[in-house]
Amino acid sequence: RLDIPVMIAAAAALWVLGANGSLSRIEAVGLVLALIAYFIWTVTKGRSEQKQLEAELEGLSPAGGAGAITLAVAQFVAGLVLLVGGANYLVQGCTELAVAFGVSELVIGLTVTAIGTSLPELVTSLMAALRGKRDLAVGNVVGSNILNILAVLGISGAVSPTGIPVSGDALGFHIPLMVAVSVVCFPVFFTGLAIVRAEGVAMLLFYAAYLGYAAYAARTHTPGAAVTLAFVAGLAVIGGVSVAFGRRAA
């Protein structure tokens, strides 16, 4: 109810701010300030939730004590280092292969680099889901989407003397599609308060179609408005079916 609207707003803000063909330093600083405000709001909200959780767990003691906490911290740091290092090697190797095939930097960023940098998120959410920590799985993805726009682009644009250019292809196809994907999370997440297997498969197939078209368009032509509408219509179908089956299940 709270974080997904922020994710949608961040995606829409990028579309609006980049409409003139660039993300200026002032606009990038604005994104960073929005991130700081979001963090303050999230921590404040989390404290109230923590009080409620403590009340529910009153009388229960954490297993293992200080030793278990130290081990957990060590495991977290080691896992983070290995994930980041592995993703770095993957991105470097795949980028060199993509460049060798003569595709643009935008396509490399949208496909190879995005997949490589998202693998740690995929592994984290996958393990969290398999271990029953589903809130962590969803929070990891939603939080990463917010930070990718407000933090990654915000900080990058703030330190760049000329800001960050936004290509016509990104404005006409990829960014609107990102906004549409964010919006479709509403019906997918809220119906039954779960992402069922069929919805997960549909989203995965949709992403495969997007990757295929991105690779095709990179070598042939610029995506037109009709293509954008076709992909958005596909997302609308996923959202509509999700709502229909959610109501039927209820």
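### Digging into the overall build of the protein chain
At step 1: A tally of helices and strands in the protein chain yields eight helices and two strands.
At step 2: Its helices and strands in sequence order give the protein chain the pattern α-β-α-α-α-α-β-α-α-α, from N to C terminus.
At step 3: A buried classification covers 27% of the 250 residues belonging to the protein chain.
At step 4: Contacts in the protein chain between residues at least 24 apart in sequence constitute 77% of all its contacts with a sequence separation of at least 6.
At step 5: Surface exposure of the protein chain reaches about 15,500 Å², of which carbon and sulfur atoms provide 71%.

### Focus: the packing of helix α1 (residues 3-17) against helix α5 (residues 134-159)
At step 1: Orientation of α1 relative to α5, taken along the N-to-C sense of each, is 35 degrees, at an axis distance of 9 Å. The two elements α1 and α5 cross, and the hand of that crossing is left-handed. Judged by residue contacts, D3, I4, V6, M7, A10, A11 and L14 of α1 engage V142, N145, I146, I149, L150 and L153 from α5.
At step 2: Of the residues belonging to the contact of α1 with α5, the class tally is eleven nonpolar, one polar and one charged.

### With respect to the layout of surface pockets
The probe, sized like a water molecule, is rolled over the atoms to show the empty space still left.
At step 1: The computed volume of the second largest pocket comes to approximately 920 Å³.
At step 2: F76, L80, L83, P120 and T124 are, among the 19 residues lining the second largest pocket, the residues nearest its centre.
At step 3: Breaking the lining of the second largest pocket down by element, the ones donating at least two residues are α3 (65-100) and α4 (105-130).
At step 4: With nine residues, α3 is the largest single contributor of residues to the lining of the second largest pocket.

### Things to note about the packing of α1 against helix α6 (residues 168-190)
At step 1: It is the contact of α1 with α6, at a shortest axis distance of 9 Å, that shows an interaxial angle of 170 degrees. Comparing their axes, α6 and α1 come out roughly antiparallel. Residue-level inspection shows I4, P5, M7, I8, A11, A12, L14 and W15 of α1 in contact with α6, the latter providing L171, I175, P176, M178, V179, S182, V183, C185, F186, F189 and F190.
At step 2: Taken together, the residues of the contact of α1 with α6 sort by class into 18 nonpolar, one polar and no charged.

### Looking at the environment of G240
At step 1: Assignment of secondary structure puts G240 in helix α8 (residues 225-249).
At step 2: As for G240 and V188, which are separated by 52 residues in sequence, their C-alpha atoms are 9.0 Å apart.

### Side note on a nonpolar patch on the surface
At step 1: Residues I69, V73, F76, V77, L80, V81 and V84 make up a contiguous nonpolar surface patch of roughly 670 Å² in combined accessible area.
At step 2: By the secondary structure assignment, V77 is in helix α3.

### Some details on the environment of G163
At step 1: Looking at where G163 falls in the secondary structure, it is placed in the loop between α5 and β2 (164-165).
At step 2: Under the relative-accessibility criterion, G163 is labelled buried at 5%.

### Overview of the confidence of the model for the protein chain
At step 1: Per-residue pLDDT for the protein chain has a mean of 79; in total, 84% of the residues score no lower than 70.
At step 2: Confidence scores differ between elements of the protein chain, with α8 showing the lowest mean pLDDT of 72 and α1 the highest of 89.

### Structural notes on the side chain of S125
At step 1: Relative to the elements of secondary structure, S125 occurs in helix α4.
At step 2: For S125, a relative accessible area of 13% translates into the label buried.
At step 3: Apart from the residues lying within four places of it in its own chain, the contact partners of S125 are A137, N140 and V141.

Conventions adopted
- Residue positions are given per chain, counted from 1 along the sequence in the order it is written.
- With pLDDT at 70 or above as the cut-off, local features in this predicted model cover only qualifying residues; side-chain atom pairs require 80 or more to be listed or tallied, and sums for whole chains, interfaces and linings still use all residues.
- Side-chain metrics in this entry use all non-hydrogen atoms of the structure; hydrogen atoms and water are not considered.
- Secondary structure counts use DSSP, requiring at least four H or I residues in a row for a helix and at least two E residues in a row for a strand, with both numbered from the N terminus.
- Think of it in three bands: residues with accessible area under 20% of the maximum for their type are buried, residues over 50% are exposed, and the middle band is partly exposed, with areas taken using a 1.4 Å probe on protein chains only.
- In this description, contact between two residues means that some pair of their heavy atoms is separated by no more than 4.5 Å.
- Surface accessibility follows the Shrake-Rupley procedure with a 1.4 Å probe radius. Residue values consider only the protein chains on display as shielding.
- Throughout, an axis means a line fitted to C-alpha atoms (over the contacting stretch in the case of helices), and angles, computed between N-to-C directions, take values from 0 to 180 degrees.
- Here a crossing is called left-handed whenever its near helix is offset anticlockwise from the far helix by less than a right angle, and right-handed whenever the offset is clockwise.
- Residue classes follow a fixed rule: Ala, Val, Leu, Ile, Met, Phe, Trp, Tyr, Cys and Pro count as nonpolar, while Asp, Glu, Lys and Arg count as charged, and any other residue, Gly among them, counts as polar.
- In this analysis a 1.4 Å probe is tested at points of a 1 Å grid over the protein atoms alone, and where it fits but cannot get out there is a cavity; an open set with protein on both sides within 12 Å along at least five of seven lines is a pocket; lining residues have an atom within 4 Å of a point.
- Grid points are joined across faces, edges and corners, and a volume is the space filled by probe spheres set on the points.
- Orientation is classified from the angle alone, with under 35 degrees giving roughly parallel, over 145 giving roughly antiparallel, 65 to 115 giving roughly perpendicular, and any other angle giving oblique.
- Patch criteria: residues need more than 30% relative accessible area and no salt bridge. Like-charged residues are merged within 9 Å; nonpolar side chains of Val, Leu, Ile, Met, Phe, Trp and Tyr are merged within 5 Å.
- For this document, the term salt bridge refers to a Lys or Arg side-chain nitrogen within 4 Å of an Asp or Glu carboxyl oxygen.
- Residue-level confidence of the predictor, termed pLDDT, takes values from 0 up to 100.

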